[in-house]
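# Report on the structure
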Amino acid sequence: MSKGAKQWGLHLGIIALLFVLQFILPAYHHGNLARIMVLATFAIGYNIAFGYTGLLSLGHAMFFAAGMYGLALTMKFLGFSAATGLLAGIVSAFVLSLAVGLLALRTIGVAFMIVTLMFAQSVYLSILYFGKYTRGDEGFVIQQADRVIAGIDLSNPVNRYFAALVLLSFCLLVSLKLIQAPFGRVLIAIRENEERTKMLGYDVFRHKLASLMISGTISGAAGAAYGLLFGYAGASFATVQYSIFPLLWVLLGGAGTIIGPLAGTLFMFYLIDLLSEITSAYMLIAGVVLVLLTLFARQGIMGEVRKRVIRWLP
Amino acid sequence: MDLGPYLLLASMEGAVQAAVLALTAVGLSLVFGVMRVVNVAHGEFFMLGAVLAWWIAHMVGGHPSIGFMVALIIAPVLTGLVASVIDLTILKRLNYDPESTIVATIGILYILQQLVLMTYGADARPVEAPFNLRFYTPWFGYSYYKLAVIAAAIAVLLGVWLVMSKTRIGLILRATQLDSEIAQAFGIAVNKVYAIVFGAGAALAALAAVLIVPIQQAHYLMGADPLLLSFIVVIIGGLGSLRGTVVAAVLIGMSDGIISVFFTPTLAKILATLLVALVLVFRPNGLFGARAA
């Protein structure tokens, strides 16, 4: 079997496994997994910028929030249907990532990290500032009756799981296709050595911009889906914490691997879930995991798997 | 009040802000300058200083000024020790790789913050000022303590400048900053220097926090604002330049104080954050720095 066929086989297998799981899992884990799949989509988006292109952003919460509020606000105030609301969310994230990319990508390294942090901070503060519409930290509920696409009620757990799976599968396969294509190779080249890539004649800025826009748009789609499936939009999703989470999930699962983000999100979700019997300070666990990862497992779970077992893991 | 006195009050408040900010930011700048390390946990060392100050002042008892003076010395020392231990156990083992250190210090940020939440709790608690004197302008009364904060900050900053430029320790630090490998070749124990610098940077933040804690209260989430503002200051001042850092701190602190008189605090923050982000985008080496980071 060729490398490409093996890669497709593996990822389609994982999607099939997730599809089958919904019939086996008890209700509690069924609900968890739907949530994990949406959050993992956010992580997949983050991974394209951070894992494959080497852009360490500390502001991806703004794209997630742009998607979420793009959907929630248009549905609440402009009377958009769920489907057009979803589209509005994705378009908001797309436009925001274009604007942020054009500005922030003029900087590199530490400055890029801080600029993205600050743009995200101003998005968060703006949500608070327009509290009259957004209801600030408290947030608002999206009515159950409105959460319907093509006659399918997305607040129903079975439909919700299926919708989350469709979103995750689409983004997973898109990112796989992207990384196999020459475009993805250039992104990896930029991550490994930006100067050399430039010297080889590639337009580094445009590739980075495209990467950030794909990354931001996928993150926004995850945010919009989160609002739609779980019926709530709040400013807490725009805080720094929600910029750190995808970084944590991607590092844990393995930066620069296609299934790493899913593995990391799944692992972290259940780690916090298990330890919540001992402590409610889940950010403490997140902090400890971050430090341990940098000290002992720089490649993350799937990175180690690639190094030791499956060499062709994309 | 007329606009004039209003502005006077705003700039006095701004000056207190600027003094504390300068101390905090110089700590961050020192660490970045000598070690080339971006310390995202810097705000938590600030918070640790304030919380320790509350604890110490609480334990010492007696006249508030005794507890405060003890805290002023012990809280920064303890915070510095914690930071040095973190440097030796974590950052050193990462070889100060830029990306890994950022991720690790994000982790440290949450560890410190949550540990304080679990032990100290979620309440904001005040520390009493060492003295409670006020003077009166024709328009408003003002606390002498706030002026003392400004004076203390200036004294400490002068001290840092003297140490950096006139002493043997400063010479070693500057040598390490210029080229750590050559410094090592000349017999400087670079690892020891790094541990001390990381501790000293944290101690400066803690000192700033002890000074401000009679004005603001100690709270486990108080590290976020100083962190963001210090980053802003260090970048605008030019990464690693102490003089630029102080000038930028005064600029940012003062304008933050004055802007928040005229706009609502949230709008002021949005404008300031966007403005600084744009400065970074178009002048990546800072307004005063010439050197590339």
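Residues numbered from 1 in each chain as written. Chains lettered and ligands numbered in written order. Predicted model: local features only at pLDDT ≥ 70, side-chain atom pairs only at ≥ 80, totals over all residues. Heavy atoms only, no water.

## Some details on the environment of S165 of chain B
Residues and elements named next belong to chain B. You can see S165 is positioned in helix α5 (residues 144-166). When its relative accessible area of 31% is taken as the criterion, S165 is described as partly exposed. For the pair formed by S165 and L81, sequence separation is 84 residues and the distance between their alpha carbons is 24 Å. Of the polar contacts made by the side chain of S165, one reaches the backbone oxygen of W161; its length is 2.7 Å. (Helix = DSSP H or I, 4+ residues; strand = E, 2+ residues; numbered from the N terminus. Buried < 20%, exposed > 50% of the residue type's maximum accessible area, 1.4 Å probe, protein only. Polar contact = N/O pair within 3.5 Å; in protein donor to acceptor, adjacent residues only side chain to side chain.)

## Some remarks on the interface of chain A and chain B
Size of an interface, as often reported, equals the accessible area lost when the parts are brought together. Counting from both sides, the interface comprises 36 residues of chain A and, opposite them, 36 residues of chain B. Note on chain A versus chain B: buried area summed over both sides is about 3,300 Å², and carbon and sulfur give 85% of it. Interface area lost by chain A to chain B is led by M118, Y129 and L284 of chain A, which between them contribute 18%. Taken together, the links from chain A to chain B amount to one salt bridge. Between D97 of chain B and R298 of chain A there is a salt bridge whose closest N-O contact spans 3.4 Å. At the boundary of chain A with chain B, the tally comes to two residue pairs in polar contact (both at pLDDT 80 or more). Mapped onto the side of chain A that touches chain B, the elements with two or more residues apiece are α4 (82-104), α5 (109-129), α11 (241-253) and α13 (282-296) of chain A. (Contact = heavy atoms within 4.5 Å. Buried area = accessible area lost by both parts, 1.4 Å probe. Salt bridge = Lys/Arg side-chain N within 4 Å of Asp/Glu carboxyl O.)

## Notes on the packing of helix α1 (residues 3-24) of chain A against helix α7 (residues 157-180) of chain A
All names here are of chain A. Between α1 and α7, the least distance of the axes is 10 Å, while the angle of their chain directions is 170°. One way to sum up the angle between α1 and α7 is to call them roughly antiparallel. From α1, G4, Q7, W8, H11, L12, I15, L18, F19, L21 and Q22 reach across to α7, where they touch V158, Y161, F162, L165, L168, S169, L172, L173, L176, K177 and Q180. (Axes fitted to C-alpha atoms, helices over the stretch in contact; angles between N-to-C directions. Parallel < 35°, antiparallel > 145°, perpendicular 65-115°, else oblique.)

## Overview of the nonpolar core
Counting residues in each nonpolar core, the largest one holds 201 residues, and the members touching the most others are L18 and L247 of chain A together with M35 and I106 of chain B. In contact with M35 of chain B, other than residues within four places in its own chain, are L30, D87, Y96, Y194, V197 and F198 of chain B. (Core = buried A, V, L, I, M, F, W, Y, C linked by side-chain atoms within 4.5 Å.)

## Some points on the confidence of the model for chain B
Put simply, chain B has an average pLDDT of 85, and 95% of its residues get 70 or more. Both scores are available for the predicted complex, with the pTM at 0.86 and the ipTM at 0.81. (pLDDT = per-residue confidence, 0-100.)

## Concerning the packing of aromatic side chains
Enumeration according to the criterion identifies 23 aromatic pairs over all chains in this entry. Ring centres 5.6 Å apart and planes at 35° place the aromatic pair Y46 of chain A and F50 of chain A in the tilted group. With Y46 of chain A and F50 of chain A both in helix α2 (residues 27-52) and four residues apart, the pair spans about one turn of that helix. You can call Y46 of chain A buried: its relative accessible area is 0%. Among the residues examined, F50 of chain A registers a relative accessible area of 7% and is labelled buried. Arranged with centres 6.5 Å apart and planes meeting at 55°, the rings of W54 of chain B and W55 of chain B form a pair that is tilted. A relative accessible area of 33% places W55 of chain B in the partly exposed class. Directly above the ring of F140 of chain A sits K76 of chain A, whose terminal nitrogen or CZ lies 4.2 Å from the centroid. (Phe/Tyr/Trp six-rings, centres within 6.5 Å; stacked < 30°, edge-to-face > 60°. Lys NZ or Arg CZ within 6 Å of the ring centre and 35° of its normal.)

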